[in-house]
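# Commentary on secondary and tertiary structure
So the chains spell out like this:
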Amino acid sequence: TQAETLYRGDLLPGDLHTEWLIQPREYYHSLYIEGMIAAAEICLEVKQPQRAIEFIESALHQDSSREKLYEIAMRSYAQASRREDAIHTFLACKKYLNEEFGLDPSASLQKFYISLISE
């Protein structure tokens, strides 16, 4: 919760051309995302899906390129009985991966999606 509150985005975002900032910027960004993933997973384990959703949506707002974030978001929505949101999240992930990288979601994420639409 403290990390979520304190993180304001990339380190010195206006200074894009300073070489020495690249590594610390990426490090703190990654640390934040991994912290949000860990927090969301803990929330899911203790059956607090709404709090997990808050953590993971915060992370997705900062970095929409990680499939793991979409997967946890889908699990969180499913646990919160928000099936349509889980389905919408998969479709957003699929669109993003296809447009940005020419890829489809992983087989495990597709399998989870199929289980959602089969309910």
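If you're wondering where the values come from, they're calculated on a predicted model, not measured in any experiment.

### Let's talk about the packing of helix α4 (residues 67–79) against helix α5 (residues 83–101)
Between α4 and α5, the shortest axis-to-axis distance is 7 Å and the interhelical angle comes to 165 degrees. When the interaxial angle is binned, α4 and α5 end up roughly antiparallel. In the crossing of α4 with α5, the sense of the turn from one axis to the other is left-handed. Contacts between α4 and α5 involve Glu67, Tyr70, Ala73, Met74, Tyr77 and Ala78 from the former and Arg83, Asp85, Ala86, Thr89, Phe90, Ala92, Cys93, Tyr96 and Leu97 from the latter. Class assignment of the residues belonging to the contact of α4 with α5 gives a composition of 11 nonpolar, one polar and three charged.

### Re helix α6 (residues 107–117)
Spacing of three or four residues puts side chains on the same side of an α-helix, whose turn is 3.6 residues. Restricting attention to buried positions, one finds in α6 the residues Leu109, Tyr113 and Leu116. Seen end-on, α6 carries its buried residues on one side only, within an arc spanning 55 degrees. Facing away from the buried side of α6 by over 90 degrees, the exposed positions are Ala107, Ser108 and Lys111.

### Comments concerning the packing of aromatic side chains
Inspection of the entire model under this criterion finds two aromatic pairs. Considering the side-chain rings of Tyr96 and Phe101, the 6.0 Å spacing of their centres and the 75 degrees angle between planes classify their relative orientation as edge-to-face. We classify Phe101 as partly exposed; its relative accessible area is 47%.

### Some details on the confidence of the model for the chain
Detail in the predicted coordinates should be disregarded across regions flagged by low pLDDT. This prediction gives the chain a mean pLDDT of 86; 81% of its residues lie at or above 70. Element-level mean pLDDT values for the chain span from 53 in helix α1 (residues 2–6) up to 97 in α4.

### Some details on a nonpolar patch on the surface
On the surface, a cluster of nonpolar side chains totalling about 340 Å² of accessible area is made up of Tyr27, Tyr28 and Leu31. Mapped onto the elements, Leu31 comes out in helix α2 (residues 19–45). Its relative accessible area of 47% is what places Leu31 among the partly exposed residues.

Basis of the calculations
Residues numbered from 1 in each chain as written. Predicted model: local features only at pLDDT ≥ 70, side-chain atom pairs only at ≥ 80, totals over all residues. Heavy atoms only, no water. Axes fitted to C-alpha atoms, helices over the stretch in contact; angles between N-to-C directions. Helix = DSSP H or I, 4+ residues; strand = E, 2+ residues; numbered from the N terminus. Parallel < 35°, antiparallel > 145°, perpendicular 65-115°, else oblique. Left-handed = near helix turned anticlockwise from the far one by under 90°. Contact = heavy atoms within 4.5 Å. Nonpolar A, V, L, I, M, F, W, Y, C, P; charged D, E, K, R; others polar. Buried < 20%, exposed > 50% of the residue type's maximum accessible area, 1.4 Å probe, protein only. Arc of directions from axis to C-beta. Phe/Tyr/Trp six-rings, centres within 6.5 Å; stacked < 30°, edge-to-face > 60°. pLDDT = per-residue confidence, 0-100. Patch = residues over 30% accessible without salt bridge, like charges linked within 9 Å, V, L, I, M, F, W, Y side chains within 5 Å. Areas by Shrake-Rupley, 256 points an atom, 1.4 Å probe, with all protein chains shown as cover. Salt bridge = Lys/Arg side-chain N within 4 Å of Asp/Glu carboxyl O.

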